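Structure assessment
Listed below, chain by chain, are the residues.
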Amino acid sequence: INAETLYQFRRISKAVKISNISLGRKRLLIIRDEMQGFYAVDQNKADESTIEFLTTFTKENFALISNFAVNEAKKTLKNPFETWAVYKFHLFNDIVETWLNSSLPTAKIYQPNHATDLLFRFLSSKEGKDLLLVTGNEFGDLLHEILIFYCGYGSRDTTYSTNVYLHTDFDKLIEHQTVHGSADDIAGKDIVNPIATLRVVGEIVENILCVEG
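**A look at the packing of aromatic side chains**
- The final tally for this structure, using the stated rule, is 11 aromatic pairs.
- A ring pair is formed by Phe 38 and Tyr 39, whose centres lie 6.0 Å apart and whose planes are at 75°; its orientation type is edge-to-face.
- On the basis of relative accessibility, which here comes to 22%, the residue Tyr 39 falls in the partly exposed class.
- Seen in terms of ring centroids, Phe 57 and Phe 62 are 6.4 Å apart; in terms of plane orientation they differ by 10°. Their pairing is stacked.
- Judged by its relative accessible area of 23%, Phe 57 falls in the partly exposed class.
- Connected via pairs of aromatic rings, a cluster forms that spans Phe 57, Phe 62, Tyr 87, Phe 92 and Trp 99.

**Some details on unusual backbone geometry**
- That bond from Asn 79 to Pro 80 is cis: its omega, -5°, falls within 30 degrees of zero.
- Position of Pro 80 relative to the elements: it lies in the loop between α2 (59-76) and β5 (82-86).
- Positive phi values are uncommon outside glycine, yet Lys 14 reaches one of about 60°.
- Among the structural elements, Lys 14 can be located in the loop between α1 (3-12) and β1 (15-22).
- Located in the positive-phi region is Asp 190, a residue other than glycine, with phi close to 60°.

About the criteria used
Residues numbered from 1 in each chain as written. Predicted model: local features only at pLDDT ≥ 70, side-chain atom pairs only at ≥ 80, totals over all residues. Heavy atoms only, no water. Phe/Tyr/Trp six-rings, centres within 6.5 Å; stacked < 30°, edge-to-face > 60°. Buried < 20%, exposed > 50% of the residue type's maximum accessible area, 1.4 Å probe, protein only. Helix = DSSP H or I, 4+ residues; strand = E, 2+ residues; numbered from the N terminus.

Right, here's the structure in full:
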């Protein structure tokens, strides 16, 4: 499966990516919107001089993402928790901000540059509430790798993330993947790095035991 096919599947199946990060006394839960934005184009056309693409944001999708994010936060974060929504909302006549105010009424809505500054303040403090951060895929994509390094979790090829598909046809299908699915440091060396895969297996087994227990 190439990247374009994967992104199309995530758009159609209404995917979100979950990253749950422990920070000692508090937790950070990131829900990334994979069903809208630059990675989830409806149509594209490219030639040697021009690239054109069409992507769609909808109020319905924001409601779907928000509902899932809040329910997931209630399962994994301590109440009461903070909620932030981070999108480039000013690019769309503030319509996205209006939708987010409707679907996540308790959220503080930030631009990525402001959110980055606030987030590192959050990370540097041991005190405070847990945080639910709902964000567009473009910002979350970069943020995830930075946080892996900043929080001392290793590197992208030793960690994993979880994708959940919210379209009713897929009944919350869950897919685990190494972060960016990449192993550039060992390419061409005829060796493998199984750490991320082993961590995924550990979570799957733990979840099975929790359900059966």
